[in-house]
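Spelled out, the chains give:
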Amino acid sequence: YIKHTLNILQCICKTCSRVLLSDVDRFTYLKRMRSPRTDVLAKAATFKKVIDKCKKSKACPHCHEANGTVKKITGAPTLKIVHERYKGRHMEEEFNNLTISLQNSMRKNNEINPSLRYAVEDLLPTRVLELFKR
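Definitions and cut-offs
Residues numbered from 1 in each chain as written. Predicted model: local features only at pLDDT ≥ 70, side-chain atom pairs only at ≥ 80, totals over all residues. Heavy atoms only, no water. Pairing = 2+ DSSP bridges. Helix = DSSP H or I, 4+ residues; strand = E, 2+ residues; numbered from the N terminus. Contact = heavy atoms within 4.5 Å. Axes fitted to C-alpha atoms, helices over the stretch in contact; angles between N-to-C directions. Polar contact = N/O pair within 3.5 Å; in protein donor to acceptor, adjacent residues only side chain to side chain. 1 Å grid on protein atoms, 1.4 Å probe; cavity = no way out; pocket = protein on both sides within 12 Å on 5 of 7 lines; lining within 4 Å. Points joined across faces, edges and corners; volume = space filled by probe spheres on them. Nonpolar A, V, L, I, M, F, W, Y, C, P; charged D, E, K, R; others polar. pLDDT = per-residue confidence, 0-100. Core = buried A, V, L, I, M, F, W, Y, C linked by side-chain atoms within 4.5 Å. Buried < 20%, exposed > 50% of the residue type's maximum accessible area, 1.4 Å probe, protein only. Parallel < 35°, antiparallel > 145°, perpendicular 65-115°, else oblique. Left-handed = near helix turned anticlockwise from the far one by under 90°.

**Concerning the sheet that holds strand S1 (residues 69-73)**
Phase 1 of the analysis: What the three strands build is an open sheet, ordered S1-S2-S3; its pairing is antiparallel. The open sheet has two edge strands, S1 and strand S3 (121-122), and neither has a second partner.
Phase 2 of the analysis: With two bridges joining them, strand S2 (residues 80-84) and S3 adopt antiparallel strand pairing. When the sheet's bridge partners are listed, His83 is paired in S3 with Glu121.
Phase 3 of the analysis: Taken strand by strand, helix H1 (residues 2-11) contacts S1 and S2, and its axis lies near 155 degrees from that of S1.

**What about the side chain of Gln10?**
Phase 1 of the analysis: Counting through the fold element by element, Gln10 comes out in helix H1.
Phase 2 of the analysis: Polar side-chain contacts of Gln10 include one of 3.1 Å to the backbone oxygen of Val70.
Phase 3 of the analysis: Excluding residues within four positions of it along the chain, Gln10 makes contact with Leu20, Cys54, Lys55, Gly68, Thr69 and Val70.

**Re the layout of surface pockets**
Phase 1 of the analysis: Empty space within the largest pocket amounts to approximately 340 Å³.
Phase 2 of the analysis: Lining the largest pocket, in full, are Ile8, Cys11, Ile12, Val19, Leu21, Arg26, Tyr29, Leu30, Met33, Phe47 and Val50.
Phase 3 of the analysis: Secondary-structure elements contributing two or more residues to the lining of the largest pocket are H1, helix H2 (23-34) and helix H3 (40-56).
Phase 4 of the analysis: Looking at the lining of the largest pocket, the element that brings in the most residues is H2, giving four residues.
Phase 5 of the analysis: When the residues that make up the lining of the largest pocket are grouped by side-chain class, the tally is 10 nonpolar, no polar and one charged.
Phase 6 of the analysis: Considering only enclosed or pocket space, the second largest pocket measures out at about 180 Å³ in volume.
Phase 7 of the analysis: Taken together, Ile2, Thr5, Leu79, Lys80, Ile81, Asp122, Leu123, Leu124, Pro125 and Val128 make up the full set of residues lining the second largest pocket.
Phase 8 of the analysis: Looking at the lining of the second largest pocket, its residues break down into seven nonpolar, one polar and two charged.

**Comments concerning the environment of Ala59**
Phase 1 of the analysis: By the element assignment, Ala59 lies in the loop between H3 and S1.
Phase 2 of the analysis: Separated by 39 residues in the primary sequence, Ala59 and Leu20 have C-alpha atoms spaced 7.7 Å apart.

**Concerning the confidence of the model for the chain**
Phase 1 of the analysis: With 79% of its residues at a pLDDT of at least 70, the chain reaches an overall mean of 81.
Phase 2 of the analysis: No element of the chain has a lower mean pLDDT than helix H6 (residues 112-115), which averages 65, and none a higher one than H2, which averages 92.

**Quick word on the nonpolar core**
Phase 1 of the analysis: Judged by nonpolar contacts, Cys11, Cys13, Leu20, Leu21, Tyr29, Val50, Ile51, Cys54 and Cys60 together constitute the single largest core of nine residues.
Phase 2 of the analysis: Sort the elements by how many residues they give to this core and H3 lands first, with three residues.
Phase 3 of the analysis: Counting eight residues, the second-largest nonpolar core is a separate cluster that includes Leu6, Leu9, Ile12 and Leu131.

**Focus: the packing of H2 against H3**
Phase 1 of the analysis: For the pair H2 and H3, the least separation of the axes is 10 Å and the interaxial angle reads 160 degrees. It follows from the interaxial angle that H2 and H3 lie roughly antiparallel. Once H2 is placed against H3, the crossing between them reads as left-handed. Across from Asp25, Tyr29, Arg32 and Met33 in H2, the residues of H3 making contact are Lys43, Thr46, Phe47, Lys49, Val50 and Lys53.
Phase 2 of the analysis: Grouping the amino acids of the contact of H2 with H3 by side-chain chemistry returns four nonpolar, one polar and five charged.

Dropping the structure here:
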């Protein structure tokens, strides 16, 4: 189920748990998916379009928070899913806010500064469950 979990996490906002589609797009896709005349292949194609459109969305249209990519980390002893919230050109403001919030810690510990560019948000199973329940 990990592939499906990753697809759903790519399609929802990690702050408000809403689908990363505008209301107009959301209702259009819902109408297609709920239509009794739509066959299974058309529904699968529609679902693929929804996933592709959500992956391209960099900010939530509802709460306007930044949303990066969700990846499974390989090589870890356990399954680990991370949200790359601060990576990419479009996330410069988020990264600057993170840097400002860690300014005091960076003065006391010099090892934080070089590793700051690798900052990701861990999506623990309890956090993922909380996102799915909302």
